[in-house]
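# Architecture and fold: a report
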Amino acid sequence: MTIRKERFIGLRVTDTEHRQIERKAKKAKMNMSQYVSLQALERDIIIYEGLKEHTHQLSKLGTNLNQALILAHQGKLNTIDIQPIKKEIHEIWQLLNSLTEGIKRIQD
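Quick look at the structure, then.

The rules behind these values
- Residues numbered from 1 in each chain as written.
- Predicted model: local features only at pLDDT ≥ 70, side-chain atom pairs only at ≥ 80, totals over all residues.
- Heavy atoms only, no water.
- Buried < 20%, exposed > 50% of the residue type's maximum accessible area, 1.4 Å probe, protein only.
- Helix = DSSP H or I, 4+ residues; strand = E, 2+ residues; numbered from the N terminus.
- 1 Å grid on protein atoms, 1.4 Å probe; cavity = no way out; pocket = protein on both sides within 12 Å on 5 of 7 lines; lining within 4 Å.
- Points joined across faces, edges and corners; volume = space filled by probe spheres on them.
- Nonpolar A, V, L, I, M, F, W, Y, C, P; charged D, E, K, R; others polar.

## Describing unusual backbone geometry
Unusually for a residue other than glycine, Lys29 sits at a positive phi of about 60°. With a relative accessible area of 74%, Lys29 lands in the exposed category. Positive phi is not limited to glycine here, since Glu42 has a value of about 55°. Looking at the secondary structure, you find Glu42 in the loop between helix 2 (32-40) and strand 1 (46-47). With a relative accessible area of 72%, Glu42 lands in the exposed category.

## Some remarks on the layout of surface pockets
The volume enclosed by the largest pocket comes to roughly 530 Å³. In this structure, the largest pocket is lined by 15 residues; those nearest its centre are Phe8, Ile9, Ser33, Val36 and Ser37. Every element with two or more residues in the lining of the largest pocket is listed here: helix 1 (15-27) and helix 2. In terms of residues, the lining of the largest pocket owes the most to one element, helix 2, which gives five residues. Along the lines of polarity and charge, the residues of the lining of the largest pocket split into nine nonpolar, three polar and three charged.

Laid out in structure tokens, this is it:
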């Protein structure tokens, strides 16, 4: 459900302030209205750089594991060595944890 925004707030800023707000909004991958609204409401804007690549890698790993399990259920595989998959998942988990530690807040 989309929330319908009915009220308008006008805001005057200098050219320098406008460029700063525009740059920060772009860095946060938001339009200026979204960015200014969240900042005015004192909401944190957090950027997780690299998250998309790591979650894609994890998704591919899950797909490969599912395919191996299907083959095992069909009797086409007798055993599955999950150690390499376990190692990959552990590495991705560590990468995702490091992303949350390196949260970048929009400041400059």
